[in-house]
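Remarks on the overall topology
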Amino acid sequence: MSEIAHQDHVEKKAFLVNSSSLKDVRNFCREVFEKLQIQEDLKDELVLAIAEAAQNIVKHAFKNNANANELMVVQISCENNKLQIAFYDRGTPVDPKKVKHREIDNVKPGGLGTFFIQEIMDAVEFKDGKKPWINHLVLTKQL
Amino acid sequence: MSYKVTEEGNVATVHLDGEIDMDVTEKAKEVIFPHIEAGKEVHLNLSNVQYMDSSGISVLIESHQKALEKNTKVIIKDVSKSVLKVIMMAKLEQILNLE
């Protein structure tokens, strides 16, 4: 747990749902975490977790086949040193029971993104997406 | 992502540069795999890669496994601290050839 009291802050940004947006998602996160003065090592981990979640939206919720104008929204909020990252998209509804990573000892390409997210974050929760959104994923981490 | 390849004898050295994510994995495979398929030993220099996600890790696993099939090897060299951390998170530091 961090000894720094991070200021309360909320920021959100919309991105086109495609793989070339992932760099923009990372840069957005880095900018926000800079403002929150999150230490470098933790910042790298959080950026990875968020980018993996965004990648899952592109890869699974839209199966790499999004309409050119389709958007996903990433919202980062910090309140009382608790970081919450929310994702909103209008892709195929996610069945949380089917979201699993591969067995870590069964070495093969793929299936690591969800593992990284779970390793880095304290909690991963799919909530009901309120209109116009279909999926609403929330990642949390106590700073 | 940009790259540079040098070949000397049976060794192809591939220098990758930039951030390796889902957007560039196909390009990374196009650069690396032909050398493995030609039976070359591939030295993958990652000193200028500061970010790698699960897609990039998949390229490393696939490269390693392809090399085993071809009786050669992929050696990952000069990995940055941030990428090493991701490799370790995936528990691959004993599986991949790191130097």
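This text follows the structure it describes.
Residues numbered from 1 in each chain as written. Chains lettered and ligands numbered in written order. Predicted model: local features only at pLDDT ≥ 70, side-chain atom pairs only at ≥ 80, totals over all residues. Heavy atoms only, no water.

1. Looking at the pairing of strand E3 (residues 82–89) of chain A
Residue and element names in this part refer to chain A. Of all 8 residues in E3, 6 are buried, a share of seventy percent or more. Bridge count for strand E2 (residues 71–79) against E3 is 7 bridges, and the pairing is antiparallel. Bridging from a neighbouring strand, valine 73 pairs with tyrosine 88 of E3. The turn linking E2 back onto E3 is made up of 2 residues, and asparagine 80 within it adopts a positive phi angle of 50°. In this structure, E3 lies alongside strand E5 (residues 135–142), joined through 8 bridges in antiparallel fashion. Each bridged residue has a counterpart across the sheet, and for alanine 86 the counterpart in E5 is valine 138. (Buried < 20%, exposed > 50% of the residue type's maximum accessible area, 1.4 Å probe, protein only. Helix = DSSP H or I, 4+ residues; strand = E, 2+ residues; numbered from the N terminus. Pairing = 2+ DSSP bridges.)

2. Quick notes on the pattern of salt bridges
Counted according to the given criterion, the structure contains 14 salt bridges over all chains. Linking Glu99(B) and Lys77(B) is a salt bridge whose minimum nitrogen-to-oxygen distance equals 2.9 Å. Of this pair, Glu99(B) sits in the segment after strand E5 (97–98) while Lys77(B) is found in strand E4 (residues 74–77), placing the two residues 22 residues apart along the sequence. You can call Lys77(B) partly exposed: its relative accessible area is 23%. Taken together, the shared-partner salt bridges in this structure form one network comprising Arg26(A), Arg30(A), Glu19(B) and Asp21(B). (Salt bridge = Lys/Arg side-chain N within 4 Å of Asp/Glu carboxyl O.)

3. As for the environment of Glu70(A)
All names here are of chain A. Take glutamate 70: it is sitting in the loop between helix H2 (40–61) and E2. On a C-alpha basis, the gap between glutamate 70 and lysine 12 in space is 16 Å, while along the polypeptide they are 58 residues apart. Not counting residues up to four positions away in its chain, the partners in contact with glutamate 70 are Phe15, Leu16, Val17, Phe62 and Arg90. (Contact = heavy atoms within 4.5 Å.)

4. Considerations on helix H2 (residues 54–69) of chain B
All names here are of chain B. Taking 1.5 Å per residue, 16 residues should reach 22 Å; H2 reaches 22 Å between its end C-alpha atoms and fits that length. Within the span of H2, buried status applies to Ser54, Ser55, Gly56, Ile57, Ser58, Val59, Leu60, Ile61, Ser63, His64 and Ala67. Downstream of H2 by one or two residues, asparagine 71 has phi in the positive range, about 55°. (Expected span 1.5 Å × (residues − 1).)

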